[in-house]
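Commentary on secondary and tertiary structure
Residues per chain, in single letters:
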Number of protein chains: 2
Amino acid sequence: MAPSRRTVLSQSVASAEPGHGVTLADVALAAKVSLATASRVFSHPQLVRETTANRVHEAAQRLSFRPNLLGAKLRAQQTRILGVMLPTLENAVFAECWRGIEESAMVAGYSLMLVTSGYDTERERERIEYLLRHRVDGMVLTVADAAQSLVLDQLDKESVPYVLAYNQVSLPGRHSVSVDNRASACEGVKALITAGHQRIAVISGAFMASDRARQRFAGYEDAMRAHDLTPLAPVCLPSHTASNAMQIRELMTRADAPTAFFCTNDLLAIGVISDLKRLGRRVPGDVSVLGYDGIALGALVEPPLATVMQPNAEIGAQAVHQLLQRLQHRNLNHDDAAEGAFLLPHMLRLDGTVSAPR
Amino acid sequence: MAPSRRTVLSQSVASAEPGHGVTLADVALAAKVSLATASRVFSHPQLVRETTANRVHEAAQRLSFRPNLLGAKLRAQQTRILGVMLPTLENAVFAECWRGIEESAMVAGYSLMLVTSGYDTERERERIEYLLRHRVDGMVLTVADAAQSLVLDQLDKESVPYVLAYNQVSLPGRHSVSVDNRASACEGVKALITAGHQRIAVISGAFMASDRARQRFAGYEDAMRAHDLTPLAPVCLPSHTASNAMQIRELMTRADAPTAFFCTNDLLAIGVISDLKRLGRRVPGDVSVLGYDGIALGALVEPPLATVMQPNAEIGAQAVHQLLQRLQHRNLNHDDAAEGAFLLPHMLRLDGTVSAPR
DNA sequence: CTGAAAGCGCTAACAT
DNA sequence: ATGTTAGCGCTTTCAG
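Per an unreviewed UniProt entry, the recorded name for chain A is Transcriptional regulator, LacI family, and the organism is Cupriavidus metallidurans.

In structure tokens form, the structure reads like this:
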């Protein structure tokens, strides 16, 4: 049998491959303290005399000690890893949200594991399982439809703490951070009506795959009805491909063509604007377009995209915050019957692609 | 002292909190095999008789056993975790790249840990340290400037395998996956020249913070010189904020105003197009704009953004692939003196915002 | 305030 | 083919 690697190390390495392979035991040896004391210096500094602590720190420095988080995580009952599942990062909404998540988690000393589901429920299952195997302490996620999500049912059953981002739930057991999708959409559409529009069409993504899209549509209906206008059926576009132009064209060539579009997300809105331009319509001269999300890019284009703005980074940050709070309470065996849906304020940006109808 | 949790578990839990807390030892006990055999069923199935394996699988199923990857990772010398550091996800280039990274890593059975540096070298250091503490087996990253990057020096010193994405290196020791920044930029600018442009300005982001921006500028110079045209000094915009409009305006009001702009990334290009529109210039009627990156959004706007397209997802996928290969070789003690820069083909998209000068 | 020792869940020799 | 055993690096009682 080979001699103890430990011994070999403490004799020879010291400065060869810094950090790699140097364990707390090496540090303890070098500082002439026990492993326990060395550990305490990092985890509970107040429990150790300052001079001793200094010796340990010095030795750690000298050996380029880098704690192996895996060891700590395995030992502790909690990993201090949070799982994050987002539909995609290619929609800037979620990329902005990630920024908030990452920042909050880092300052709180939590690690992150990110997966994307691509709006695919089968992949959602796989990815959640993956996160669970890593023993994440909790999760921040956005699912297609929070009301009937198999993964949420599973997480509930296994009592894995999680907080939804963007999904807005009403059930008492589930927690979410979002804007008020319905009310904000209603407000946006009301602004269109106030500007003089009466025939307003809704363009949505895969309608049945997104609870938010439906909630926003409901907000549209609210606004229309509040003004005694007849809501139109939503136009659902599976993706932002060329084929969309046809549906838009069909709509625009009707005698009662809409004078304004409400798109349930900004990417869709940008696509619709392009489609309209290709049909020779000017935005907002001939037709107004209102988006939803408030991605940074919307302010970059000309004219700026009118939209219902969500505080994306803050949604992420707040979701982490709430999750961490739940983890705390859980540890204290507090029954956290806290309120379900945490609502953040939205804002309207109405210049740019919205004006009075011709 | 409480009785062994193990014993308690195997007597009572079984179906309470599935997965959570059920260990391989529980499964082994239930299947009446040793811990080692149970382990082998999952890691080296060919080493165990089929009937035994079935018993174990059955028990695992019944107890809702979920392997704790932390245990495995700690034990193995490799964690099968890859670290990923990208500047930001809010530029779709990197979000698209992440898709490629995630897919490749998942099929290879590797876990990921993502951090963003925000183009900030100090944060780069922190985040790398964070990844290192998690004992990632290797890294895929994009740094501000590969030629003088402290983190790369550190990774080299600690011999942590990594592959750069987007950064294009020439040094023998460093590996990268990218397009040929200089050649592709040259090609794009040549297309502008072929279209009839002679006064072509370059708009760049923080020039000194991005080696790619400089390489692309060099490509511009190559193209200009090849046609006996005088390259102009680059216009560096620190960010895509409103203040940019002023610099563009200054440029456009000169007698020898450029007839075309080459922007070193698509986001910048979209901002510049908006600035030009606000100045009353039409794109591409009055002035042409060529971007660089090929983000999906560029094809969505009208007119479509002319650009030098990189295969973003494939850059990510290929970077993971290369990294995994290096990890293999390393394990076999192969000296991997493989070539440094792996170049992927680029493409030009020239319709839309580029046309002949007036 | 510090040390000794027992694991966290899993895998890999080494022996049957 | 299967069992026994010794850890991976760390934290944390429990004793001094």
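After that view of the structure, there is still more to cover.
Our focus in this paragraph is the UniProt feature "domain: HTH lacI-type" (unreviewed entry) in chain A. UniProt's entry tags residues 22-76 of chain A with the feature "domain: HTH lacI-type" (unreviewed entry), counted in the numbering of this structure. In residues 22-76 of chain A, helix accounts for 67% and strand for 0%; the two terminal C-alpha atoms are 21 Å from one another.

On to the pattern of salt bridges, then. A full pass over the atoms with the stated rule returns 36 salt bridges over all chains. Arg99 of chain B is the salt-bridge partner of Glu90 of chain A, the closest N and O atoms lying 2.6 Å from each other. In this pair, Glu90 of chain A is assigned in the loop between β1 (81-86) and α6 (92-107) and Arg99 of chain B in helix α6 (residues 92-107), connecting two distinct chains. Taking the relative accessible area as the measure of exposure, Arg99 of chain B reaches 34% and is therefore partly exposed. Here Arg127 of chain B ties to Glu102 of chain A by a salt bridge, and the two come within 3.1 Å at their closest N and O atoms. Taken together, the positions of Arg127 of chain B in helix α7 (residues 121-133) and Glu102 of chain A in helix α6 put the pair across two chains. Here the salt bridges share partners, and the residues they tie into one network are Arg66 of chain A together with Glu129, Arg133 and Glu158 of chain B.

Next up on the list: the sheet that holds strand β7 (residues 235-236) of chain B. Residue and element names in this part refer to chain B. One open sheet holds the 6 strands; their spatial order is β7-β6-β8-β9-β10-β12, and the pairing between them is mixed. The open sheet has two edge strands with one neighbour each: β7 and β12 (347-349). Note that strand β9 (residues 288-293) and strand β10 (residues 306-309) share 4 bridges and pair parallel. Bridged to Gly291 within β10 is Thr307.

Looking now at the relation of the copies chain A and chain B. Under the fitted operation, chain A is carried onto chain B by 0.0 Å of movement along the axis and a turn of 180°, and the coordinates agree to an RMSD of 0.1 Å. The relationship between the two copies is best expressed as a two-fold rotation axis. In terms of proximity to the rotation axis, the leading residue of chain A is Met113 of chain A, whose C-alpha is 2.8 Å off the axis. Counting the interface residues of chain A, we find that 100% of their copies in chain B are interface residues as well, pointing to one common contact surface.

Let us now look at the nonpolar core. Ile203, Phe261 and Leu276 of chain A together with Ile203, Phe261 and Leu276 of chain B are the most contacted members of the largest nonpolar core, which totals 101 residues. Once residues within four sequence positions are removed from consideration, Phe261 of chain B is found in contact with Leu192, Ala201, Ile203, Leu251, Met252, Val272, Leu276, Val287, Ser288, Val289 and Leu290 of chain B. Ala146 of chain A together with Met85, Leu155 and Tyr162 of chain B belong to the second largest nonpolar core, which has 42 residues in total.

This brings us to the interface of chain A and chain B. At the junction of the two partners, chain A supplies 53 residues and chain B supplies 53 residues. Buried surface at the junction of chain A and chain B, both sides included, amounts to about 5,200 Å², of which 56% is carbon and sulfur. Counting the surface chain A buries against chain B, the share from its top three residues, Arg66, Leu70 and Arg135 of chain A, is 14%. Counting the contacts that link chain A with chain B gives 12 salt bridges. Taken together, the connections running from chain A to chain B amount to 26 residue pairs in polar contact (both at pLDDT 80 or more). When residues of the side of chain A that touches chain B are traced back to their parent elements, those giving at least two are α5 (69-75), α6, β2 (111-116), α7 (121-133), α8 (150-157), α12 (266-278) and α13 (296-300) of chain A. Of all the elements, α6 of chain A adds the most residues to the side of chain A that touches chain B, at 7 residues.

Conventions and cut-offs
- Residues numbered from 1 in each chain as written.
- Chains lettered and ligands numbered in written order.
- Predicted model: local features only at pLDDT ≥ 70, side-chain atom pairs only at ≥ 80, totals over all residues.
- Heavy atoms only, no water.
- UniProt positions renumbered as here; feature names shortened; annotations may be inferred.
- Helix = DSSP H or I, 4+ residues; strand = E, 2+ residues; numbered from the N terminus.
- Salt bridge = Lys/Arg side-chain N within 4 Å of Asp/Glu carboxyl O.
- Buried < 20%, exposed > 50% of the residue type's maximum accessible area, 1.4 Å probe, protein only.
- Pairing = 2+ DSSP bridges.
- Least-squares fit on C-alpha atoms with pLDDT ≥ 70 in both.
- Contact = heavy atoms within 4.5 Å.
- Core = buried A, V, L, I, M, F, W, Y, C linked by side-chain atoms within 4.5 Å.
- Buried area = accessible area lost by both parts, 1.4 Å probe.
- Polar contact = N/O pair within 3.5 Å; in protein donor to acceptor, adjacent residues only side chain to side chain.

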